[in-house]
Amino acid sequence: SDEEENEEQRVTWWRTILEFGGVIVAALVISVIIKTFLVQAFYVPSWSMETTLQQGDRIAVSRLNRGADDIHRGDVVVFVDPGGWLDPQPEEPNKFKAFLSDALQAVGLLPQNTDQHLVKRVIGVGGDTVECKEVGGKITVNGVEIDETYLEPGVVPSNSTFSVTVPEGYLWLMGDNRAHSKDSRYHQEATGNGFVPVGNVTGKVWAIFYPFSHFGTLPDGNAPFSDVP
């Protein structure tokens, strides 16, 4: 009868809605699991890591192996601002847009907003003595000069001198665009003396996935430190 046919159509319609909703929920759950435990997307907001990373690049960050024993000299890492490295960011005036953006970031469907995150290269780990004895001179780690092949030709390793010993459980981080990077050198007089706790590391950058002209994994940054004891 027509009544039975209409009832069957209603059941089919609700079944379709429930199946579609189930697919959406499953996708969101999977996305959250991936973001939490495996890979998270970030947006590069500045030119402090050029030309390894360029402003506007979308990067994939591995959240695996983030402990002190897993982070090595030469790794490029994303980390939470330890305090005072970033200027306060203005709030998004459109509350709905801000909520939607936060929600999509939370489940990993949008690259993580980097207002409270930075990306730099690990130059020293706990126990290392990192120095630049003269402006324009090479960086040394535990007395070994580092041939920083990831720097663009002509880039001065540091436009300031410094000598620090990294405490255990902390990192000394620098941007590849040395003249335009407010990194550990810049924050030596601030709380923490420029050292970043290992616990602040969100993960290691392992690939650029957009724009497609930059697509690919990062060049090896560990090799220049191979002779450091």
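Details of the structure are given in the entry above.
Residues numbered from 1 in each chain as written. Predicted model: local features only at pLDDT ≥ 70, side-chain atom pairs only at ≥ 80, totals over all residues. Heavy atoms only, no water.

Draft legend 1. Here's a closer look at the overall build of the protein. Check the secondary structure of the protein and you find 2 helices and 12 strands. In sequence order, the protein lays out its α and β elements as α-β-β-β-α-β-β-β-β-β-β-β-β-β. The 229 residues of the protein split such that 38% are buried. Across the protein, the fraction of contacts at a sequence separation of at least 24, relative to all contacts at a separation of at least 6, is 72%. When the accessible surface of the protein is totalled, it reaches about 13,100 Å², and 57% of it is carbon and sulfur. (Helix = DSSP H or I, 4+ residues; strand = E, 2+ residues; numbered from the N terminus. Buried < 20%, exposed > 50% of the residue type's maximum accessible area, 1.4 Å probe, protein only. Contact = heavy atoms within 4.5 Å. Areas by Shrake-Rupley, 256 points an atom, 1.4 Å probe, with all protein chains shown as cover.)

Draft legend 2. Spatial organisation of the side chain of Thr52. Mapped onto the fold, Thr52 is located in the loop between strand 1 (39-43) and strand 2 (58-62). Residue class for Thr52 comes out buried when judged on its relative accessible area of 15%.

Draft legend 3. A look at the environment of Val80. Of note, Val80 is situated in strand 3 (residues 76-80). In sequence terms Val80 and Pro197 are 117 residues apart; their C-alpha atoms lie 9.4 Å from each other. In contact with Val80, other than residues within four places in its own chain, are Gln116, His117, Asn200 and Thr202.

Draft legend 4. Seen up close, the pairing of strand 4 (residues 117-124). The buried fraction of strand 4 is high, at 8 of 8 residues. The sheet contact formed by strand 3 and strand 4 spans 5 bridges and is antiparallel. When the bridges of strand 4 are listed, Val76 appears paired with Arg121. Sheet analysis places strand 4 next to strand 9 (residues 170-174), joined by 3 bridges and oriented antiparallel. Following the sheet pairing, Arg121 is matched in strand 9 by Met174. (Pairing = 2+ DSSP bridges.)

The analysis is restricted to geometry; functional conclusions fall outside its scope.
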